[in-house]
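Given next are the chains, with one letter for each unit.
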Amino acid sequence: MRPWAERQGQFAAALCNVEHPMPPGCIAPDGLPDATRFAVYRNNVISSLIECLQASYPAIERLLGATCFREVAFRFVAEAPPRSAVMLEYGAGFAEFLAQLEPLAALPYLADVARIERAWLEAYHAAEATALDPAALAAVPEHRSGDLCLTLHPSMRIVQSAFPALTIWQLNIAATAPIAVDLPTVAQDTLIARPDAEVEVRALPPGGAAFLNALGAGETLAESAALAGAAAAEFNLTDQLTALLGSGLITAGRLKRRRTRGH
Amino acid sequence: MAPPLSPSPARAVGPAARAVPARAGVGLKAPHYRTILQTRPDIGFFEVHAENYMGAGGPPHRYLTEIRSRYPLSLHGVGLSIGADGPLDRTHLRRLAALNERYEPGLVSEHLAWSSHGGIFFNDLLPLPYTQRTLQRVCAHIAQVHDALGRQILLENPSTYLAFEESTYEETDFIAEVARRSGCGVLLDVNNVYVACTNQGWDPLRYLQRFPLAQVRQIHLAGHAPDQDGRGAPLLIDTHDRPVSALVWDLYAHVIATLGAVPTLIEWDQHLPEWPTLQAEARRAETVLAASPCQEAPRHAAVG
């Protein structure tokens, strides 16, 4: 009698690897093994995981074509099967997987488009948070406003790309015919967030990503603006702050204590 | 083994009752959220896959909260891996307990199957041999779920494509013994009965005769696809992608005639139809329920 743990191990190994023989002692009503029957489980596992990736990465599927996408997804599933039963989390790391696939090197923007799709999904399922009333910031004395630390909405994600990744994504999620994009020209940074019911996706102005990344890392408003200014001279703090507050992406603010010299 | 704890008194989630009535329900799917809220169809209850609501927030929770305030709910887990030899994933169990507390479902169910091994989740309901060892493991896991949730769960009979030569129990006897030892209820999936009996060469009427019908608290109905095995024997695939088959409707009518009215779910997970098609399947189940000799028999009232 084989212990159940060992049996499960055999079954599991054969599910993951199509070249692996089916586990022994798995039989049809005639008492004989039948590989077709085991293959139903193997197909269920592999197809369901590929379908999960298809649902999460529709623009990538459209860019690659259905056949190529299945091949790529199959390789990802074999290399990075789910570690959790919460399938809405499955597929993290797909962008990085695409980036290192040699045959896809001719499509260098692909990984960034996948990052946007992943960010969209994460924003969709992210925790809820209430936007900060802009009046609360207005109460901060002007000379202290640079010391503000702002909490960003938990759904907010930023994707920085050396390519027009946002435009490519937009053109490949709509039910329209694909349009040629002038690739080499524009780098695009994208903001993805769900401040309320709908996921919002939009382009960030120059310096915007540096600004939000700094705020997200806990830097003060002054420090974050300085970092954004260093990244892009045309960065405009007032515009950015107004846009953030207006779209409900700031959920809290506090003043950082100024350090006293000598301590 | 101690009997499962009684559910805590329902807190007011909204006007909808907690108990799942002995009517027909349907699986709740995202493409139907808006139609349901806009048209408020006359449906006995909705069922959701627990794992689809394990995100932190977002539209799934917003819609489910709205729909739960208007309809009874049953919570159907597909990822706990109760049939595995290894321990249950405590993190996953905590997530399930949190959903149970948040949405106050009238019924909570899981599968006689495994889906995780060696840290990998296979996203499918995989079969187990029916032996002393697996019986002990399944019962221990159900006891753990009962403790974590503070309520009884239902265990669903599987659809299977193969058998293990080391099995020493018939499937029906195994399920009856699990229910007797663990105190769990049973979810009778009539489509799974038909699929498993076809695939294993069993007689479905005999299967139902031996099944622990007195423990059945809910029924599932779904569609399957015909195929054949490597030697040309019929092999049915549990696809949930089409209407319930005529033979499964016949078996269902037989079960209801024996058992009286039981909450009955139409499961349709792939190639999702428009809402009216799904609602029509539920209406068909309700006509069978309405013809039952003992509707709303107290013995079969929903737990909770």
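Just above sits the structure.
Analysis parameters
- Counting starts from 1 at the beginning of each chain's written sequence and moves along it residue by residue.
- Each chain gets a letter, beginning with A, and each ligand a number, beginning with 1, in the order they are written.
- Totals for whole chains, interfaces and linings use all residues, but because this is a predicted model, local features are given only for residues with pLDDT of at least 70 and pairs of side-chain atoms are given and counted only at 80 or more.
- Based on all heavy atoms of the structure, the side-chain values leave hydrogens and waters out of the count.
- The nonpolar core is taken to be a set of buried Ala, Val, Leu, Ile, Met, Phe, Trp, Tyr and Cys residues, with the residues joined through side-chain atoms within 4.5 Å.
- Each residue gets one of three labels from its accessible area relative to the maximum for its type: buried under 20%, exposed over 50%, partly exposed in between, using a 1.4 Å probe on protein chains only.
- Going along the chain from the N terminus, every DSSP run of H or I of four or more residues is numbered as a helix, and every run of E of two or more is numbered as a strand.
- Where each domain starts and ends follows an automatic or database-derived domain assignment.
- What makes two residues a contact is simply this: any of their non-hydrogen atoms within 4.5 Å.
- Buried area adds together the accessible area that both of two parts lose upon being put together, with accessible area traced by a 1.4 Å probe.
- What counts as a salt bridge is simple: a side-chain nitrogen of Lys or Arg found within 4 Å of a carboxyl oxygen of Asp or Glu.
- Gly is placed with the polar residues, together with every amino acid not listed as nonpolar (Ala, Val, Leu, Ile, Met, Phe, Trp, Tyr, Cys and Pro) or charged (Asp, Glu, Lys and Arg).
- A pair of strands is labelled paired if DSSP reports no fewer than 2 bridges between them.
- Only C-alpha atoms enter the line fits that serve as axes; for helices the fit covers just the stretch in contact. Angles between N-to-C directions range over 0 to 180 degrees.

> Sorry if this is basic, but what is going on with the nonpolar core here?
One broad trend across soluble globular proteins is that nonpolar side chains are buried collectively. Counting 139 residues, the largest nonpolar core has F11(A), I60(A), F94(A), L188(B), I219(B), L221(B) and Y252(B) as the members making the most contacts within it. If you tally residues by element for this core, the top one is helix α2 (residues 35–56) of chain A, at 9 residues. Looking at which domains feed residues into this core, each of domain 1 (8–107) and domain 2 (126–263) of chain A gives three or more. Not counting residues up to four positions away in its chain, the partners in contact with I219(B) are L187(B), L188(B), V190(B), Y252(B), V255(B), I256(B), V262(B), P263(B), T264(B) and L265(B).

> Help me understand unusual backbone geometry in this model?
Trans is the prevailing form of peptide bonds, just as negative phi is the prevailing case for residues other than glycine. All names here are of chain B. A positive phi angle, close to 45 degrees, is found at R40, a residue other than glycine. By the secondary structure assignment, R40 is in the loop between α1 (33–39) and β2 (45–49). Given a relative accessible area of 47%, R40 falls into the partly exposed group.

> Could you clarify how one ought to interpret the interface of chain A and chain B in this entry?
One frequently used descriptor of interface size is the decrease in accessible area upon assembly of the parts. Counting from both sides, the interface comprises 47 residues of chain A and, opposite them, 55 residues of chain B. For the chain A face of the interface with chain B, the top three residues by lost area are W4(A), R37(A) and Y41(A), together amounting to 20%. The tally of links from chain A across to chain B stands at 7 salt bridges. Residue R34(B) pairs with E198(A) through a salt bridge whose shortest N-O separation is 3.9 Å. Those elements that place two or more of their residues in the side of chain A that touches chain B are α1 (4–16), β1 (26–27), α2 and α6 (110–125) of chain A. Of the residues in the side of chain A that touches chain B, the class split is 28 nonpolar, 8 polar and 11 charged. Of the strand pairs in this sheet, β1(A) and strand β8 (residues 163–164) of chain B are connected by 2 bridges, and their pairing is antiparallel. Each bridged residue has a counterpart across the sheet, and for C26(A) the counterpart in β8(B) is F164(B).

> What's the story with the sheet that holds strand β7 (residues 154–156) of chain B in this structure? I'm lost.
Within a sheet, neighbouring strands are paired by backbone hydrogen bonds and run either parallel or antiparallel to one another. Residue and element names in this part refer to chain B. Read once around its circumference, the closed barrel built from 8 strands follows the order β1-β2-β3-β4-β7-β9-β10-β13, with strand pairing classed as parallel. Put simply, the sheet's adjacent strands are angled 30 degrees from each other on average, direction ignored. The pairing of β7 with strand β9 (residues 185–189) spans 3 bridges and is parallel. Opposite L155, over in β9, you have V186 as the bridge partner. Sheet strands in contact with helix α9 (residues 275–290) are β1 (24–27), β2, β10 (216–221) and β13 (264–266), and its direction is about 150 degrees off that of β1.

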